[in-house]
Amino acid sequence: MNTPVVLDHESTCLRGNPLGDPHHRRIEVHLPPGYDGVRRYPVIYWLPGFGARPSLAHPALAFGTSVADRLHQAMTDGRVPPALLVVPDCTTAYGGSQYLDSAASGRYAGYLAEVVAEVDRRFATRPQPAWRAIGGKSSGGYGALVAGMTSPLFGAVIACSPDAGFEHSYLPLLPATLDTIRAAGGVDALLARRDSGPHDGPFMVAMSIIAMGMCYADRPGTTPADALPCDPVTGLFRDRVWRRWLTHDPVRMLAAHTAPLTRLGLLHLGVGERDEYGMHWGARALHAALDTHHVPHVYQEHAGGHHGIEHVFTDALAHLWQTWRHRQEPENDTCAA
């Protein structure tokens with residue numbers, strides 16, 4: 001097993017965040033084969049999906065190996081680029097941050113920038129955006145897309161099954177979410193199950209919708225019930241809230257952010273052709289919008305759905321290897337002794 005280095009990082013951005021979440025966070029760093037602290041390496045930042053453990057060191061299922069071990073072997077075999085693989089912890093009290101700066105949840109885009117600075121300070125990295133990639137699956141893929149649109153820190157984006165086309169990925173989940181909230185006895189009663197459980201499928205779906213509302217909220221002090229796009233008691237739809245959600249939809253964000261995406265060395269968009277949450281239709285819409293705006297990208301649909309698809313990460317990183325291996329090496333490729 002490839003044992004990661006785990007950093008304890010004290011965040012300035014997350015200190016005093018609205019949800020009272022910890023500002024001390026772990027950063028999991030997997031070193032590439034042969035890392036000696038002298039030769040400089042590129043860095044891949046990998047963002048976990050909603051509710052996922054902020055780690056790649058353990059198998060997602062009872063079958064197969066961990067993502068970290070799979071990618072370490074692929075680096076050894078020369079199928080993906082030798083690089084540091086960094087997993088930040090951007091979880092919140094509601095399960096996920098969408099890696100955004102949110103008035104209701106906290107400054108997680110700012111925290112990502114802190115993580116990049118800390119990794120560059122502690123390890124032998126190539127500290128230029130051209131040698132820095134960001135990727136993830138589901139909410140992590142969403143976070144990678146938004147970072148590619150809004151942050152100058154990253155020169156490549158890998159988005160696997162990202163949240164996009166919100167009418168496809170979120171609206172169909174609302175009736176079941178309302179049923180789950182009603183059965184629990186209200187939003188607060190459902191939230192009380194975070195520690196006790198059961199953490200079954202309906203609970204996780206409802207929590208994801210609640211978390212999205214908090215991530216997309218634009219006002220401090222927004223409550224989880226008020227952040228939903230419909231009233232959790234009556235079901236009455238809230239157009240103003242939904243319009244605010246849509247301002248964070250990558251399909252709708254694209255028109256204002258084509259220039260940063262066009263400058264990327266790689267934009268990889270992938271999705272399962274039968275995603276259980278309709279992510280394939282959101283990805284198809286984003287793919288079409290990228291074509292309309294003439295943004296170069298790689299688009300792939302693979303057999304499978306939303307879960308148990310960790311094997312596709314290796315294929316996605318193989319495209320990154322094609323981008324990096326033909327780039328001119330920096331003159332100073334080692335750290336000073």
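The structure this text deals with has already been given above.
This write-up is about the structure you can find in this document. (Residues numbered from 1 in each chain as written. Predicted model: local features only at pLDDT ≥ 70, side-chain atom pairs only at ≥ 80, totals over all residues. Heavy atoms only, no water.)

## Things to note about the pairing of strand S7 (residues 132-137)
Here comes step 1: A large share of S7 lies buried, amounting to 6 of its 6 residues.
Here comes step 2: Pairing geometry for strand S3 (residues 43-47) and S7, over 5 bridges, is parallel. Counterpart to Leu47 in the pairing with S7 is Gly136.
Here comes step 3: Sheet analysis places S7 next to strand S8 (residues 156-160), joined by 5 bridges and oriented parallel. When the sheet's bridge partners are listed, Gly136 is paired in S8 with Ala159. (Buried < 20%, exposed > 50% of the residue type's maximum accessible area, 1.4 Å probe, protein only. Helix = DSSP H or I, 4+ residues; strand = E, 2+ residues; numbered from the N terminus. Pairing = 2+ DSSP bridges.)

## Regarding the packing of aromatic side chains
Here comes step 1: Enumeration over the complete set of coordinates arrives at 14 aromatic pairs.
Here comes step 2: Pairing Trp131 with Trp324 gives two aromatic rings, centres 6.2 Å apart and planes at 35 degrees, and the pair type is tilted. Residue Trp131 is located in the loop between helix H2 (108-122) and S7, and its partner Trp324 is located in helix H14 (residues 312-325); the two are separated by 193 residues in the primary sequence.
Here comes step 3: Note on Trp131: relative accessible area 6%, which makes it buried.
Here comes step 4: Through pairs of rings, three or more aromatic residues link up here, namely Tyr142, Phe166, Tyr170, Tyr216, Phe237, Trp242 and Trp245.
Here comes step 5: Taking the ring centre of Trp131 as reference, the NZ or CZ of Arg126 above it sits at 4.2 Å. (Phe/Tyr/Trp six-rings, centres within 6.5 Å; stacked < 30°, edge-to-face > 60°. Lys NZ or Arg CZ within 6 Å of the ring centre and 35° of its normal.)

## Some points on the pattern of salt bridges
Here comes step 1: One pass over the structure, following the stated rule, counts 13 salt bridges.
Here comes step 2: In this structure, the salt-bridge partner of Arg26 is Glu28, at a minimum N-O distance of 3.4 Å.
Here comes step 3: One salt bridge in this structure joins Glu118 and Arg121, with 2.9 Å as the shortest N-O distance. One end of the pair is Glu118 and the other is Arg121, both in helix H2 and 3 residues apart, which spans about a single turn.
Here comes step 4: With relative accessibility at 12%, the residue Glu118 sits in the buried group.
Here comes step 5: Bridged by salt links that share partners, the residues Glu118, Arg121 and Arg122 form one connected network. (Salt bridge = Lys/Arg side-chain N within 4 Å of Asp/Glu carboxyl O.)

## Observations regarding the side chain of Thr177
Here comes step 1: Mapping Thr177 onto the fold places it in helix H5 (residues 174-184).
Here comes step 2: You can call Thr177 buried: its relative accessible area is 2%.

## So, the sheet that holds strand S9 (residues 266-272)
Here comes step 1: Spatial ordering of the open sheet is given by S1-S2-S4-S3-S7-S8-S9-S10, a layout of 8 strands whose pairing is mixed. Sheet topology places strand S1 (5-10) and strand S10 (298-302) at the edges, where each strand pairs with a single neighbour. For this sheet, the mean angle separating the axes of adjacent strands, direction not counted, is 20 degrees.
Here comes step 2: Together, S1, strand S2 (24-30), S3, strand S4 (84-88) and S7 form the strand contacts of H2, whose direction differs from that of S2 by roughly 50 degrees. (Axes fitted to C-alpha atoms, helices over the stretch in contact; angles between N-to-C directions. Contact = heavy atoms within 4.5 Å.)

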